[in-house]
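Survey of secondary and tertiary structure
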Amino acid sequence: MPDTAQQDRGVAGGVGLTALLVAAARAVETHRPDALARDPYAEHFVRAARASARWPVRPEEVPGGEADPLWGRLGRYFGLRTRVLDDHLLRQAYGGVRQVVLLGAGLDTRALRLDWPPGCTVFEIDQEEVLAFKHGVLDALPAGDRPPGASRVTVAADLRHDWGAALTGAGFDPSAPAAWLAEGLLLYLPSAAERRLVDMVDRMGRAGSTLAYEVKLGVESAAVRDSPVYAETKERIGVDLLALFDGEPRPDSAADLAARGWSTTVRTPFDFTRLHGRGPLPERHDCLAANRWVFARRPGVPALTR
C-alpha cells in the first residue's frame with residue numbers, strides 16, 4: 001500500500017472521519033464468523049489513513065468483543081445497516097432497476113463487492129477529496145483483488161448545494177428509474193439541504209424508483225447523549241458524533257415523500273436484528289432507539305432495460 005498521507009484530507013476529520021469509522025466497523029464485521037455483510041476493501045481504507053491506521057479491523061483486535069460500546073455495539077449496528085441496505089439495493093436491481101445512486105457515498109464499495117445483474121451502473125456522489133482518497137486506495141490494490149462488479153461512476157459534488165446537473169452530466173438517465181441511497185448522510189445535513197435533496201430525488205426519480213435513508217427522530221435526552229457509545233467514540237477515536245449531527249429541527253421527509261405520492265415504510269434497526277438473529281438489541285438510554293431506516297418507493301413498474 002503506497003503512502004496516501006497526502007491524499008487523506010477528505011477523511012482526516014469532521015464528517016469525513018465517520019466514513020473511516022464505518023469502514024472499520026465493516027472490516028471487523030467482515031471477519032466475524034457470523035458476518036452480516038462482507039467488505040474486503042474496508043480494512044484497506046482504514047489502514048491507508050493516518051487518523052485510523054491503528055484502529056481495529058478484526059474481531060480479535062476489539063477489547064471486550066461485542067460488549068465494547070464502540071466496535072462491538074456501534075460496529076455491529078453498522079454491519080446490520082450494511083446488510084439491510086445491501087439487500088434492499090439488490091432487490092431493486094434484480095427487479096429491473098439499472099441505476100443506483102449513492103448519496104454521500106463515502107467509502108462505500110457496493111459497486112465492487114455486490115453481485116449485480118448485468119447492465120447496472122452505480123453512481124457515487126461525494127466531495128472531491130473523499131473520492132480522491134478512495135480512488136488512491138482502490139487503485140493501489142492488485143487488479144485481481146477488484147473483481148468486476150457494476151459500472152462505477154464517481155460524481156464530485158457537495159450535497160448541501162445543487163448536485164443534479166453533475167449527476168446527469170456523469171451519465172445518469174433521469175427518464176429511467178433509480179435506486180437512491182442516503183446511508184448515514186441526512187443526520188449531518190442542515191435541514192434545508194435535506195429538503196433540497198428529497199426534492200431533487202422526487203424530481204429525478206421516475207416510476208419504480210426507490211429511496212432508502214437513515215434518520216433520527218426528535219431530540220435525544222441528556223441520558224442518551226451521555227451513553228457509552230457516544231462517549232467512547234469521542235474519547236477513543238476522536239469522533240464526536242453529537243457535535244457532527246446537525247442541531248436544527250429535522251424535516252419529516254417520510255411525510256413529505258408520502259405527500260408527493262411515494263409509498264413509505266419506516267423501520268427500526270431492532271426489527272432487522274430480530275429478522276437476522278444478530279445485531280444490537282434495545283438497552284436503557286439507548287443511542288440507537290431514535291434511529292429509523294426509511295424505505296420509499298414511487299409507484300409504477302420500472303421500464304425494461306434498453
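None of the values given here were measured: they were computed from a predicted structure.

A short note on the pattern of salt bridges
In this structure the tally under the stated criterion is 33 salt bridges. In this structure, Arg-81 and Glu-183 form a salt bridge, with 3.1 Å as the shortest nitrogen-oxygen distance. Of the two residues, Arg-81 sits in helix α3 (residues 69-94) while Glu-183 sits in the loop between β4 (179-182) and α7 (191-204), which places them 102 residues apart along the sequence. Neither residue differs from the other here; Arg-81 and Glu-183 are each classed as buried.

Structural notes on the side chain of Arg-110
Tracing the sequence through the fold places Arg-110 in helix α4 (residues 110-113). In this structure Arg-110 comes out as buried when scored by relative accessible area, which is 0%. Side-chain polar atoms of Arg-110 contact the backbone oxygen of Thr-82, separated by 3.4 Å. Polar side-chain contacts of Arg-110 include one of 2.8 Å to the side chain of Glu-183. Aside from chain neighbours lying at most four places away, what touches Arg-110 is Arg-26, Arg-81, Thr-82, Leu-85, Asp-86, Leu-89, Trp-116, Leu-181 and Glu-183.

Comments concerning the sheet that holds strand β6 (residues 263-267)
Taken together, the seven strands give an open sheet; going across it, the order is β3-β2-β1-β4-β5-β7-β6, and neighbouring strands pair in mixed fashion. The open sheet is flanked by β3 (151-156) and β6, the only strands paired with a single partner. Between one strand and the next, the sheet's axes are offset by a mean angle of 20°, whatever the strand orientation.

As for the nonpolar core
In a soluble, globular protein the nonpolar side chains are often hidden away together inside. One finds Leu-21, Trp-55, Trp-116 and Phe-133 to be the most contacted residues of the largest nonpolar core, which totals 67 residues. Sorting elements by how many residues they give to this core places α3 first, with 11 residues. Judged by nonpolar contacts, the second largest core, of 30 residues, contains Leu-189, Met-200, Leu-211 and Ala-254.

Focus: α3
Taking 1.5 Å of rise per residue, 26 residues should cover 38 Å, and α3 covers 36 Å from first to last C-alpha, within 8% of that figure. Most pronounced at Gly-75, the bend in α3 amounts to some 30°. Counting buried positions along α3 yields 22 of 26 residues, so the element is predominantly enclosed. Once α3 ends, the next one or two residues include Gly-96, with phi positive near 120°.

Focus: the packing of aromatic side chains
Under the criterion given, the structure shown has 11 aromatic pairs. Taken together through their ring pairs, the aromatic side chains of Tyr-77, Phe-78, Phe-272, Trp-293 and Phe-295 make up a single cluster. The ring of Phe-272 has Arg-267 sitting right over it, with the charged end atom 4.7 Å from the ring centre.

The rules behind these values
Per-chain numbering applies: the sequence of each chain, read as written, is numbered from 1 onward. Where local features are concerned, this predicted model is filtered to residues with pLDDT of at least 70; where side-chain atom pairs are given and counted, the filter is 80 or more; whole-chain, interface and lining totals use all residues. Where side-chain values are given, they derive from all heavy atoms of the structure, hydrogens and water being excluded. The working definition used for a salt bridge is a side-chain nitrogen of Lys or Arg within 4 Å of a carboxyl oxygen of Asp or Glu. Secondary structure elements follow DSSP: runs of H or I of four or more residues count as helices, runs of E of two or more count as strands, with numbering from the N terminus. Buried, partly exposed and exposed residues are distinguished by accessible area as a fraction of the type maximum, computed with a 1.4 Å probe on protein chains only: under 20%, between the cut-offs, and over 50%, respectively. Think of a polar contact as two N or O atoms within 3.5 Å of one another; within protein, one of them needs to be a possible hydrogen donor and the other a possible acceptor, and neighboring residues in sequence only count if both atoms come from side chains. Here, two residues are considered to be in contact whenever any of their heavy atoms come within 4.5 Å of each other. Pairing between strands is defined by DSSP: at least two bridges between them are needed. In this analysis, axes come from line fits to C-alpha atoms, helices being fitted only over the stretch in contact, and the angle between any two N-to-C directions falls in the range 0 to 180 degrees. Buried Ala, Val, Leu, Ile, Met, Phe, Trp, Tyr and Cys residues form a nonpolar core when they are joined through side-chain atoms within 4.5 Å. Multiply 1.5 Å by the residue count of a helix minus one, and that product is the helix's expected span. Bend is the name given here to the angle between axes fitted to two runs of seven residues, the run ending at a residue and the run starting at it. Each Phe, Tyr or Trp ring, with Trp reduced to its six-membered ring, pairs with another whose centre is within 6.5 Å; inter-plane angles below 30 degrees give stacked pairs, above 60 give edge-to-face pairs, and intermediate values give tilted ones. Here, a charge over a ring means that NZ of Lys or CZ of Arg falls within 6 Å of the ring centre while also lying within 35 degrees of the ring normal.

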